[in-house]
Amino acid sequence: VRGFYSRIDGSAQPYILNLPVGFAVSDARRYRLDVFLHGRDDGGFELNFFNKSTTTFTGMPFNPGPDRFILQPYGRYSNASRFAGETDVLEAIASVQQAYAIDENRVVIGGFSMGGASAWHLALHHADRWAAFAVRPVCATRRTSTPSTKSTLMIASSAIIRAVATGMGPKPRI
């Protein structure tokens, strides 16, 4: 569990950061950052968030691996990462990028249920920040029209979409 002080109101904002499998501080490589946004939980106050988020990866489109950090911002409760929650997500990412060697071209955002809608929102409003986004909505919301319950990997105007659409060359590494 880590955190940062919000530029909005100076409050301490928590996040969970899973280190890459086998990570060593002396590693010279740059890592992918997977940002996973949580679903709605009316009991999702800080302590419950920490307990659920640190004990299971069930239902997440991202799993721990040797090539990635996984960031789970709290985002000020169940607000779909809107308003102050959106700022918190972006500030949590900046906090991780400042502390670790993150490849800015390999930042992926995703989420489950409300977090899927949040990822969709952030991916569209900040399209230049993400290599890809993965959503796993449980149901459609007013902000998304995605009816699927299966995880979907989407890339906003990226080389991957162009490569798949035109059949040109190998897909870029994420």
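Cut-off values and rules
- Residues numbered from 1 in each chain as written.
- Predicted model: local features only at pLDDT ≥ 70, side-chain atom pairs only at ≥ 80, totals over all residues.
- Heavy atoms only, no water.
- Helix = DSSP H or I, 4+ residues; strand = E, 2+ residues; numbered from the N terminus.
- Expected span 1.5 Å × (residues − 1).
- Buried < 20%, exposed > 50% of the residue type's maximum accessible area, 1.4 Å probe, protein only.
- Polar contact = N/O pair within 3.5 Å; in protein donor to acceptor, adjacent residues only side chain to side chain.
- Contact = heavy atoms within 4.5 Å.
- Core = buried A, V, L, I, M, F, W, Y, C linked by side-chain atoms within 4.5 Å.
- Pairing = 2+ DSSP bridges.

Draft legend 1. Structural view of helix α3 (residues 114-125). Helix length check: α3 (12 residues) gives 16 Å between terminal C-alpha atoms against 16 Å at 1.5 Å per residue, within 8%. With 10 of 12 residues buried, α3 lies mostly within the body of the structure. For α3, the complete set of buried residues consists of Met-114, Gly-115, Gly-116, Ala-117, Ser-118, Ala-119, Trp-120, His-121, Leu-122 and Ala-123.

Draft legend 2. Seen up close, the side chain of Ser-95. By the element assignment, Ser-95 lies in helix α2 (residues 84-99). Given the relative accessible area of 12%, Ser-95 is considered buried. A polar contact of 2.7 Å, which involves the side chain of Ser-95, links it to the side chain of Tyr-15. Excluding its chain neighbours within four sequence positions, the residues that come into contact with Ser-95 are Gly-3, Phe-4 and Tyr-15.

Draft legend 3. Examining the nonpolar core more closely. Counting 24 residues, the largest nonpolar core has Leu-33, Val-35, Leu-71, Ile-109 and Trp-130 as the members making the most contacts within it. For this core, the elements supplying multiple residues, two or more each, are β2 (12-18), β3 (31-37), β4 (68-73), α2, β5 (102-112), α3 and β6 (132-136). Residues within four places of Trp-130 in sequence aside, it is in contact with Leu-90, Ile-93, Val-107, Ile-109, Leu-122 and Ala-123.

Draft legend 4. Structural context of the pairing of β3. Burial runs high along β3: seven of the seven residues are buried. Examined bridge by bridge, β3 and β5 share six bridges and lie parallel to one another. Within β5, the residue paired with Asp-34 across the bridge is Val-108. With four bridges connecting them, β3 and β4 associate as parallel partners. Paired with Arg-32 across the strands is Arg-68, a residue of β4.

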